[in-house]
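Topology and contacts: notes
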Amino acid sequence: MRGIGMSGTRNLTARPQPISALEPFFASNLIGYEGFTPQDEPFILHLGSGDSTIPVELAVRGNRRQLCVDFSSTAVKLMKERHAEYGIEWRLMDVRDMKGIDDASVDVAFDKGTLDAMIHGSPWSPPQEVRHNTSAYLREDGGRFLHVTFRQPHFMTPLLNPEGLWTMHRQVFGDNTDSFDYYGYLMRKLPIENTQNPETGGVTDAQGTYCGK
Ligand SMILES: C[S@@+](CC[C@H](N)C(=O)[O-])C[C@H]1O[C@@H](n2cnc3c(N)ncnc32)[C@H](O)[C@@H]1O
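Every chain is numbered on its own, with residues counted from 1 as its sequence reads. pLDDT decides what is reported in this predicted model: residues at 70 or higher carry local features, side-chain atom pairs at 80 or more are listed and counted, and totals for whole chains, interfaces and linings draw on all residues regardless.

A short note on the nonpolar core
- Nonpolar cores are built from buried Ala, Val, Leu, Ile, Met, Phe, Trp, Tyr and Cys residues. These are joined into a set through C-beta atoms within 7 Å. Exposed residues have 12 or fewer other C-beta atoms within 10 Å of their own C-beta, buried residues have 20 or more, and partly exposed residues fall in between, where C-beta atoms are placed from the backbone. Residues Val108, Ala109 and Met187 are the most contacted members of the largest nonpolar core, which totals 38 residues.
- Excluding anything up to four places from it in sequence, methionine 187 contacts Phe145, His147, Leu160, Trp166, Thr167 and Met168. Distance between backbone-placed C-beta atoms decides contact: two residues are in contact if it is within 7 Å.

Printed below as a string of structure tokens:
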């Protein structure tokens, strides 16, 4: 999880940090993408937002319509208190059962690390519970799903797209050091097109197959 731990102390008036390594991902898939800029006022749903500062960072960039959900009452209470001034809604909710969020009401759903937290067991053959949870979670029909994960694409693609209903475009992030790469996916429920992705600079094909950085 980014930032300080949930039990830590923090200056409530501190300004948010840059989105840093994810800035290009948000620039090409959200903030800078026509129809989804802050001026377009997309409704952004943060899935398992924890104590991430990304919602605040997006608010500072002009995104006013954001709902952050998490099943940790500690995280929700903390974030409500910590970031009351940004107009973001923080709500207690299990992402596997998103009652109160209408189908097709979300323009952009964002997950960093939440789906990862649901995965256990062998990555080669995940338990049925993992397949069930991830399929319950990936039910959004409209808009864009932005997913950031450290897991390798050959493990994630079958979980993210078991029925091949989504187009998947992947970006690879890393700092060219010995640290692990991580991956950002743009997913939409659209007909599969095996074309270079004009939005993200062509780092993936539509099946999510690795095509280089
Ligand atoms: C690894 S943390 C990532 C937090 C945040 N997205 C970030 O990037 O810092 C995973 C978060 O997902 C939340 N979470 C896990 N399973 C969840 C579920 N079924 N429903 C809602 N939140 C969940 C946890 O409470 C935790 O805050």
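Brief notes about the site of the ligand
- Any residue qualifies as near a molecule or strand once its backbone-derived C-beta atom lies within 6 Å of it. Within the structure, the ligand sits among 18 residues, and Gly48, Gly50, Ser52, Phe71 and Gly113 are positioned closest to it.
- For the purposes of this entry, the term helix denotes a DSSP run of H or I that reaches at least four residues, the term strand denotes a run of E that reaches at least two, and both are numbered from the N terminus. With three residues, helix 4 (residues 114-118) is the single largest residue contributor to the shell around the ligand.
- Each residue receives one of three labels: charged for Asp, Glu, Lys and Arg, nonpolar for Ala, Val, Leu, Ile, Met, Phe, Trp, Tyr, Cys and Pro, and polar for the others, Gly being one of them. Taken together, the residues that form the shell around the ligand break down as six nonpolar, seven polar and five charged.

Section: the pairing of strand 5 (residues 144-149)
- Strand 5 sits mainly inside the fold: six of its six residues count as buried.
- Sheet topology places strand 4 (residues 108-112) next to strand 5; five bridges connect them, and they run parallel. Bridging across to strand 5, aspartate 111 finds its partner in histidine 147.
- Two elements, strand 5 and strand 7 (residues 182-188), share five bridges in a ladder whose sense is antiparallel. The residue bridging histidine 147 from the neighbouring strand is tyrosine 185, located in strand 7. Any two strands are treated as partners once DSSP identifies two or more bridges connecting them.

Some points on the sheet that holds strand 2 (residues 66-70)
- Strand order in the open sheet formed by seven strands is 3-2-1-4-5-7-6, and the pairing between neighbours is mixed. Of all strands in the sheet, those with a lone pairing partner are strand 3 (89-92) and strand 6 (167-173), marking the two edges. Strand-to-strand twist across the sheet, computed as the mean angle between neighbouring axes with direction ignored, equals 20°.
- What counts as an axis is a line fitted to C-alpha atoms, over the stretch in contact for a helix, and the angles between N-to-C directions run from 0 to 180 degrees. Contacting strand 4, strand 5, strand 6 and strand 7, helix 1 (residues 23-31) crosses the sheet at an angle of about 170° to strand 5.
- The strands touched by helix 3 (residues 73-82) within the sheet are strand 2 and strand 3, with strand 3 carrying the most contacts at an inclination of about 160°.

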